[in-house]
Amino acid sequence: MKKLVAGPLLLIIALFIIPGCYNDNEYDLYPFSAGCDSSSVTYAQTIAPIMESSCNKCHSTIVASGNVVTDSYDGLSIVAKNGKLWGGVNAEPGFVPMPNEGSKLSSCDLGKIKKWINAGSPNN
Ligand code: HEC
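Summarised in this report is the structure supplied together with it.

## Some details on the environment of Met-51
Its place among the elements puts Met-51 in helix α3 (residues 43-54). Distance from Met-51 to Val-69, taken between C-alpha atoms, is 9.9 Å for residues 18 residues apart in sequence. Not counting the four nearest positions on each side in its chain, Met-51 is found in contact with Asn-56, Thr-70, Leu-76, Leu-85 and Ile-113.

This is the structure:
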């Protein structure tokens, strides 16, 4: 009798655990939340303002923490192309989560950054 109960019980437990794992990658699967306007993502109009409000105080040409500069296209495109920008803002394993003080960027901002990186991080 015990064996008959254990099978379905494990299945039920697994059903609760598995969706939890998928959530780790929610920005890859569902980059844009409702009400998030991601129609026209450009460096100048979209990405630079996000960097200005959340990153530049620690990553400017003057104060370049970790040798990373986010207040210029040249600086930001380096980490956009080598994977460190996404690794940091999405707190991927092996990367220092960014911003390293305060809270993670909104899923809307993360989606826009992802879209810009996927487009080849153009200077537009
Ligand atoms: C409060 C200061 C601070 C803020 C705000 C901040 N950073 Fe950082 N960042 C650091 C420091 C310090 C390091 C070096 C960390 C280390 O090497 O341990 C760093 C490192 C990095 C790195 C290199 C990570 C690596 O694994 O090599 C990237 C990329 C980065 N930051 C991007 C960003 C972005 C993008 C933002 C805005 C979303 C941001 N940072 C906001 C302080 C900050």
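Next comes the rest of the write-up.
## Some details on the state of the cysteines
Tallied over the entire structure, the rule returns one disulfide. The side chain of Cys-36 participates in a disulfide bridge whose partner is Cys-108; the two sulfur atoms lie 2.0 Å from each other. Its S-S torsion of approximately 85° makes the covalent link between Cys-36 and Cys-108 right-handed. Linking Cys-36 in the loop between α2 (26-29) and α3 with Cys-108 in helix α6 (residues 107-118), this pair joins segments that are 72 residues apart in sequence.

## Here we look at the site of the ligand
The full set close to the ligand counts 20 residues, and Cys-55, Cys-58, His-59, Met-98 and Asn-100 are the nearest of them. A distance of 2.7 Å is found between a nitrogen atom of the ligand and a side-chain nitrogen or oxygen belonging to His-59. At a separation of 3.4 Å, an oxygen atom of the ligand approaches a polar side-chain atom of Lys-84. Among the secondary structure elements, those contributing two or more residues to the shell around the ligand are α3 and α5 (84-89). In terms of residues, the shell around the ligand owes the most to one element, α5, which gives three residues. Its residues assigned to classes, the shell around the ligand comprises 12 nonpolar, five polar and three charged.

Thresholds applied
- Residues numbered from 1 in each chain as written.
- Predicted model: local features only at pLDDT ≥ 70, side-chain atom pairs only at ≥ 80, totals over all residues.
- Heavy atoms only, no water.
- Helix = DSSP H or I, 4+ residues; strand = E, 2+ residues; numbered from the N terminus.
- Contact = heavy atoms within 4.5 Å.
- Disulfide = S-S within 2.5 Å.
- Near = heavy atom within 4 Å.
- Polar contact = N/O pair within 3.5 Å; in protein donor to acceptor, adjacent residues only side chain to side chain.
- Nonpolar A, V, L, I, M, F, W, Y, C, P; charged D, E, K, R; others polar.

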